[in-house]
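Analysis of the macromolecular model
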Amino acid sequence: DAKTTQPNSMESNEEEPVHLPCNHSTISGTDYIHWYRQLPSQGPEYVIHGLTSNVNNRMASLAIAEDRKSSTLILHRATLRDAAVYYCILREIQGAQKLVFGQGTRLTINP
Amino acid sequence: GAVVSQHPSWVICKSGTSVKIECRSLDFQATTMFWYRQFPKQSLMLMATSNEGSKATYEQGVEKDKFLINHASLTLSTLTVTSAHPEDSSFYICSAPRTSTNEKLFFGSGTQLSVL
C-alpha cells in the first residue's frame, strides 16, 4: 500500500478554518485518497474521499494537487467536536479495498 | 445511513480465557469485514480480512490460531481472542464496506479488551 505522510499534530482555534496536509508522492493512478477521523475511544469515521478533482461535502472539502502527490483536508469552520486524529489513506480502486492506516494528525481545537 | 454494530463495548477477562467480539452490519450485507487492533496513542493496525463463507485472510505477523475469525453470515463476523494474555489487551475495531465499489468503510465503535 502506498504511504502517506502527515504532521503528527496541529492546533487551531474554534470557528477558524483548518487545513490538514497530506503528502503521498508515491500515489498510483488507481489510488483513491480517503480521509477518516477518530474521536477518542471511538471507531474511525469517514470524512471524505476523492480521486483527481476537489470534493466537497457537509463535513469538509478535499483539495487534491494537480499531480496528485499531495492533498489537503479543509474544515471550513472548526468546532470543539472536530478535535480528533485525522487519517489520510490511499486505497486501491481494485482489490481487497482494505484501509491501511498511517499515524495521522492529532488536531486540537482551542476554544 | 449504514451502521456497523460492535459488541461488547468493553470486556475484562482473566488470563487464559477466550473472548468473542461480534461485528454486525445493521442495514446492509457485508461479504467482507476488516478487523483492526489499536494500542494506546497508536494508529489502527489491520489484523485480518473476514470473508463470508470462506477463510479469513490474515496480515503478516498475526497469529490465525490466536485470533479466530468467523464470518458465517452476510451481516455477522466474529473475532475470538483465544487463551488471552495481558499483552492482548487492546482496542479492537471492525469495519465493513457497504458495496463492492471503492466507497467509504463503516466502522464499529470498538471493543476495549482488558486481560488481567
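Look above for the structure.
Now for a quick tour of the structure. (Residues numbered from 1 in each chain as written. Chains lettered and ligands numbered in written order. Predicted model: local features only at pLDDT ≥ 70, side-chain atom pairs only at ≥ 80, totals over all residues. Heavy atoms only, no water.)

For the rest of this paragraph, the subject is the side chain of A:D31. Residues and elements named next belong to chain A. Here D31 shows up in strand β3 (residues 31-38). In this structure D31 is buried but unpaired, with R68 as the nearest side chain of opposite charge at 5.7 Å. Within polar-contact distance, the side chain of D31 engages the backbone nitrogen of S28 at 3.0 Å. (Helix = DSSP H or I, 4+ residues; strand = E, 2+ residues; numbered from the N terminus. Buried < 20%, exposed > 50% of the residue type's maximum accessible area, 1.4 Å probe, protein only. Lys, Arg positive; Asp, Glu negative; His and termini not counted. Salt bridge = Lys/Arg side-chain N within 4 Å of Asp/Glu carboxyl O. Polar contact = N/O pair within 3.5 Å; in protein donor to acceptor, adjacent residues only side chain to side chain.)

According to the stated counting rule, one finds nine aromatic pairs over all chains in the structure shown. When the ring of B:Y36 is compared with that of B:F107, the centres are 6.0 Å apart and the planes differ by 45°; the resulting orientation is tilted. Taken together, the positions of B:Y36 in strand β4 (residues 32-38) and B:F107 in strand β10 (residues 105-107) put the pair 71 residues apart, joining distant regions of the chain. Judged by its relative accessible area of 0%, B:Y36 falls in the buried class. With a relative accessible area of 10%, B:F107 lands in the buried category. Through a chain of ring-to-ring contacts, the aromatic side chains of A:Y36, A:Y46, A:Y87, A:F101, B:Y36 and B:F107 assemble into a single cluster. (Phe/Tyr/Trp six-rings, centres within 6.5 Å; stacked < 30°, edge-to-face > 60°.)

What follows deals with the nonpolar core. Of all hydrophobic cores here, the largest spans 25 residues; its most connected members are B:V4, B:W35, B:F67, B:L79, B:Y92 and B:L113. In this structure, B:F67 is in contact with B:R37, B:M47, B:Y58, B:V62, B:L79, B:T80, B:V81, B:D88 and B:Y92, ignoring residues within four places of it in sequence. In this structure, A:A60, A:A78, A:A84 and A:Y86 belong to the second largest nonpolar core, which totals 20 residues. (Core = buried A, V, L, I, M, F, W, Y, C linked by side-chain atoms within 4.5 Å. Contact = heavy atoms within 4.5 Å.)

Before going further, it helps to spend a moment on the state of the cysteines. Residues and elements named next belong to chain A. Taken as a whole, this structure holds two disulfides over all chains when the rule is applied. Disulfide pairing places C22 opposite C88 at an S-S distance of 2.1 Å. Taking the torsion about the sulfur-sulfur bond, which here is approximately -80°, the covalent link between C22 and C88 counts as left-handed. Residue C22 is located in strand β2 (residues 18-23), and its partner C88 is located in strand β8 (residues 84-92); the two are separated by 66 residues in the primary sequence. With respect to class, C22 is no different from C88; both count as buried. (Disulfide = S-S within 2.5 Å.)

Another point: the layout of surface pockets. If you add up the space inside the largest pocket, you get close to 550 Å³. Around the largest pocket, the lining comprises 25 residues; the ones closest to its centre are A:V85, A:R106, B:Q38, B:K41 and B:Q42. Every element with two or more residues in the lining of the largest pocket is listed here: β8 and β9 (105-110) of chain A together with β9 (90-97) of chain B. A breakdown of the residues in the lining of the largest pocket according to their chemical character gives 10 nonpolar, 13 polar and two charged. Lining the second largest pocket are 19 residues; nearest its centre among them are A:P44, A:E45, A:Y46, B:K104 and B:F106. Residue assignment for the lining of the second largest pocket shows that the elements contributing at least two residues are β3 and β4 (45-50) of chain A together with β10 of chain B. (1 Å grid on protein atoms, 1.4 Å probe; cavity = no way out; pocket = protein on both sides within 12 Å on 5 of 7 lines; lining within 4 Å. Points joined across faces, edges and corners; volume = space filled by probe spheres on them. Nonpolar A, V, L, I, M, F, W, Y, C, P; charged D, E, K, R; others polar.)

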